[in-house]
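Remarks on the overall topology
Okay, here's what each chain looks like letter by letter:
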Amino acid sequence: MRNGSTQHRPFFKVLIANRGEIALRVMCSARKLGLGVVAIYSDADSNALHVQQADQAVRIGEPLPAQSYLNIPAIVAAAKASGADAVHPGYGFLAENEEFAQACKDAGLVFIGPSPQAIEAMGNKAGAKEIMKKAGVPVVPGYQGADQGDEVMLVEAKKIGFPVMIKAVAGGGGRGMRLVADANSFPDALRSARSEAKAAFGDPTVILERAIQNPRHIEIQVFGDSHGNAIHLGERDCSVQRRHQKLIEEAPSPAVTPELRGKMGEVAVAAVKALRYEGAGTLEFLLDASGEFYFMEMNTRLQVEHPVTEAITGLDLVELQLRVARGEPLSVKQQDIHFTGHAIEVRLCSEDAAHDFMPQSGRMARWQVPDGIRVEHALQSGSEIPPFYDSMIAKVIGHGATREEARARLIVGLEQLTAFGVTTNQAFLMACLRHSGFAKGAATTAFIGAHRDELLAPRADAAFDIALAGLLLYVTNPQAPAWRRGRSLAATFPLPAKIEIAGHGYELELWRERDGSYIVGSDGRQDKFEIDQLDFDVIRFRHDGVTDSAKFLRDGDRLYVQRRGIPVAAADLTLAAPKAAASNGGDGKVRAAMNGRVVAVLVKPGDRVTAGQPVLTLEAMKMEHVHKAGIDGVVAAIDVAEGEQVTTGKIVAEIGAG
């Protein structure tokens, strides 16, 4: 492979070709080295925190990634306009795009990453597997041929044997990836994977791989420089995933022995040296139950989960990237790398875990991060989370002397974090961390699928959360008598109330006793609360002789309350009119489940459909989501067109009885 030269020269101002927490992370290390920083932004991000905190910022286009963060000419022009002399791609978007690296080079900009030729060779999954096979690295059996015809792909899938994995050759992050159980479902999965890959990476090409059952996902962090040096920084275990996207990452892996670490690290370093690779990279492997490992792909960029490696090595990986890009030799040798303690990272995502991890967008009404734990984010109270980009909004990292200490610190950090206004996976992450299987270090890529019902089960005192939400809606109502500590002159009569939590309605009765306490009655149960403190965002109370507290936010008829890290969103429906139509499609109307873009209309007016049949696909936050018919019938109308951007709740198709 022809590696090609990487430009090395001093640079003084870095344009960060990314957004959000990624951009802020790069800014932090760049400023440590005395470098100026330039942000870019789409119209959706004009008020984003990474824009506010940069030295300069340049608008590059409209909200959709293809019109902004994937627009190579606009980004290069922004670098020139701002006087930047280097570009850091972050991770995601164009970070593994050889054309972008080449465009930066052609424009006289230092690209902070490997050469365009190295990105091309290793960023393409099919080509990377061939290179690794020639180097003697074990790879997953599969098909990566040039013939992408539907019939050929189906034949090759049958040769490999089901279940098979479809993977986009370009990019990563779970986009363009489908696990296919049988031949009947293969054509639809292939179409969907290609469509998603085309939207995310501009390339619909896919490869096929044998699906290795219940493996560990292990990756090795590597670095190379222009002086022929190469090192590895140990492994990360990224096995806890949903939709083939990582949710929890840790270092070191509970499943990797020092001997296996040495073997995998040796393979990774040999590959880096053979490639004459410069900068940060990651070799990803599947580790089966017998201890055999198989190369999957190489990411020619920094990884989302790099903080866990930083925590156990004490190294700043972004700083290393910047120094290598300036032509400096690596400041550490392999024998200098020592691992201290254990680190675990979780990805906080704006998604509804209870509804198939559906992406969520909107306004983050209140955002507070805990002290004493690393949180990577680009949010503040009032921040808008747009529907056009990845659903990850923050990373929370726990580090301790032992794995158990790191896990405990991370759980406490999540309990103290506040994210009101947009549904997140906060509670789901805590359920994962607390699960006995994860606590024992036994989680494989099958973890979430195998334990999904347990992880999503409501906590034992969910009824108490309903009563607490009802109490807070009552005492924070602008029309309610002001709360006062102490006895009341007279007891109040029971007042009826109706609230909604997670789509379920609850009938309540609330009143105040003469002793100053409050009673909340629901479904034959009565909860007595004695309020000790009621501030604008915290309530302290006694219940069954135990003093407890909760954070809350009243926002019109909506209330957000969080106790012990579990957020609950409630709506006051006491005076609301009944809902006019079913939102689940039972009235024949198919409604958009999120803000998104129509990428496929699968039926046409006049078609007969059955309940559960796919009728339309939306793309939101880089993932595709199939919308299905709610009833049997005939398609009466399609109310959207492919490429159209729709808002949550919009009717996209109508089905009539027939």
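Here's what I pulled together on the structure shown here. (Residues numbered from 1 in each chain as written. Predicted model: local features only at pLDDT ≥ 70, side-chain atom pairs only at ≥ 80, totals over all residues. Heavy atoms only, no water.)

1. Examining the packing of aromatic side chains
Defined as follows: Between rings of Phe, Tyr and Trp, where Trp is taken as its six-membered ring, a pair exists when centres lie within 6.5 Å; planes separated by under 30 degrees are stacked, by over 60 edge-to-face, and by other angles tilted. Starting at the N terminus, helices and strands are each numbered in turn, a helix being any DSSP run of H or I of at least four residues and a strand any DSSP run of E of at least two. Exposure is judged per residue with a 1.4 Å probe applied to protein chains only, and the accessible area is read against the type maximum: over 50% gives exposed, under 20% gives buried, and values in between give partly exposed.
By the definition in use, this model includes 14 aromatic pairs. Relative to Phe 529, the ring of Phe 464 lies with its centre 5.5 Å away and its plane at 35 degrees, an arrangement referred to as tilted. Of the two residues, Phe 464 sits in helix α16 (residues 462-475) while Phe 529 sits in strand β27 (residues 525-534), which places them 65 residues apart along the sequence. Each member of the pair, Phe 464 as well as Phe 529, is classed as buried. Judged by centre distance (6.0 Å) and plane angle (35 degrees), the rings of Phe 464 and Phe 541 are tilted. A residue pair is termed long-range when its members are at least 10 positions apart, and Phe 464 in helix α16 and Phe 541 in strand β28 (residues 538-543) qualify at 77 residues. Members of the aromatic cluster, each reached through a chain of ring pairs, are Tyr 69, Phe 93, Phe 388 and Tyr 389.

2. Observations concerning the sheet that holds strand β32 (residues 589-591)
Convention followed: In short, DSSP must find at least two bridges between two strands for them to pair.
Read from one edge to the other, the open sheet built from four strands follows the order β32-β39-β37-β34, with strand pairing classed as antiparallel. Because the sheet does not close on itself, it has two edges, and the strands there are β32 and β34 (608-609). Bridge count for β32 against strand β39 (residues 651-656) is three bridges, and the pairing is antiparallel. Paired with Arg 591 across the strands is Ile 651, a residue of β39.

3. Considering the sheet that holds strand β14 (residues 293-299)
Heads up, the condition is: Axes, fitted as lines to C-alpha atoms, cover a helix only where it is in contact. Angles between the N-to-C directions of the axes lie from 0 to 180 degrees.
Spatially, the eight strands line up as an open sheet ordered β14-β13-β10-β11-β12-β15-β22-β20, and their pairing is antiparallel. Strands with a single pairing partner mark the edges of an open sheet, and in this sheet they are β14 and β20 (374-377). Strand-to-strand, the axes of this sheet are offset by a mean angle of 25 degrees, without reference to chain direction. Here nine bridges tie strand β10 (residues 216-224) to strand β13 (residues 279-287), and the two strands are oriented antiparallel to one another. The residue bridging Arg 216 from the neighbouring strand is Leu 287, located in β13.

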